[in-house]
Amino acid sequence: MMKNKVFCLIFTLICITNAWSQEWRFGVTAGYENTGAAWFQEGVKKELRNISGFNAGPVVAYDFIDYFSLQSGLYFAMNGFETSSHSILWNKYDVVTSEKTTLYYLQLPIFAMGKLPIGQVNFLLEAGPILSYGVASHTSTQIRVGNQTETYNSSDAFNESLYPFNCSIHLGAGAEISGARLIVGYNFGVFDIGRDTKNNNDMKTSGFVVSAAYLF
């Protein structure tokens, strides 16, 4: 009798584990980002232009019901922005002709995803926060000195002018077929990443993204 109970318990646990594991899917994703920033000082908007970037990393989806799932992962992302006549490295340079800042982040997305199956295709809607932490940066600043223009490089943006933490809200739509996904979306910045508090500074990053993923 005891052996039968042990066997039934082990069999039940195997069945539960197998069913639970079938609800999880793992995969990889890579995407193109075109990200810029809205930057205001004393209520005056400073011009910032978007630059092209990317994100890539592993992804996991928890499909616990047919039409809804949760998705997360860990991405490495590169984005940033360009500016003319202004420097994000506060008060370090007086006369700036152009500046390009490239930011490198580790990102934790937490998305809720709705699925509408039509034939072999699932149409997708996803939304949720992206939590980011800056791990590196590169700023190239061109400065006019008399009749000459000199270029200075810096890797201190996260120490001098920007907070490494960032948060944005992602909205996206796309389709999935046989595990392959294509998503088009937009990331809305909700966190002020600028360290300059003296000049009533406000800087939030935003931009659109196109991502492709495959889930096994």
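What you see is a predicted model, and the numbers here were worked out from it, not measured in a lab.

This paragraph deals with the confidence of the model for the protein. Confidence along the protein averages 84 in pLDDT terms, with 81% of residues attaining 70 or more. Considering only residues more than four positions removed or in separate chains, one finds that residues 3–21, a stretch of pLDDT under 50, has zero contacts.

Where burial is concerned, the two faces of strand β10 (residues 180–189) differ: the one with Arg-181, Ile-183, Gly-185, Asn-187 and Gly-189 is buried and the one with Ala-180, Leu-182, Val-184, Tyr-186 and Phe-188 is not. As paired strands, strand β9 (residues 165–177) and β10 are joined by ten bridges and run antiparallel to one another. Considered in β10, the bridge of Ala-173 is made with Val-184. Between β9 and β10, which pair antiparallel one after the other, the connecting turn spans two residues, and Ser-178 there sits at a positive phi close to 55°. Where β10 lies against strand β11 (residues 201–215), eight bridges are found, and the strand directions are antiparallel.

Here we take up the side chain of Thr-205. Mapped onto the fold, Thr-205 is located in strand β11. A distance of 2.9 Å separates a polar atom in the side chain of Thr-205 from a polar atom in the side chain of Asn-166. Each residue touching Thr-205, except ones within four places of it in the same chain, is listed here: Thr-35, Gly-36, Ala-37, Phe-81, Asn-166, Asn-187, Phe-188, Gly-189 and Ile-193.

In this section: the packing of aromatic side chains. The final tally for this structure, using the stated rule, is nine aromatic pairs. Judged by centre distance (5.1 Å) and plane angle (80°), the ring pair of Phe-165 and Phe-191 falls under edge-to-face. Of the two residues, Phe-165 sits in strand β9 while Phe-191 sits in the loop between β10 and β11, which places them 26 residues apart along the sequence. On the accessibility criterion, Phe-191 (28% relative accessible area) is partly exposed.

Cut-offs and rules
- Residues numbered from 1 in each chain as written.
- Predicted model: local features only at pLDDT ≥ 70, side-chain atom pairs only at ≥ 80, totals over all residues.
- Heavy atoms only, no water.
- pLDDT = per-residue confidence, 0-100.
- Contact = heavy atoms within 4.5 Å.
- Buried < 20%, exposed > 50% of the residue type's maximum accessible area, 1.4 Å probe, protein only.
- Helix = DSSP H or I, 4+ residues; strand = E, 2+ residues; numbered from the N terminus.
- Pairing = 2+ DSSP bridges.
- Polar contact = N/O pair within 3.5 Å; in protein donor to acceptor, adjacent residues only side chain to side chain.
- Phe/Tyr/Trp six-rings, centres within 6.5 Å; stacked < 30°, edge-to-face > 60°.

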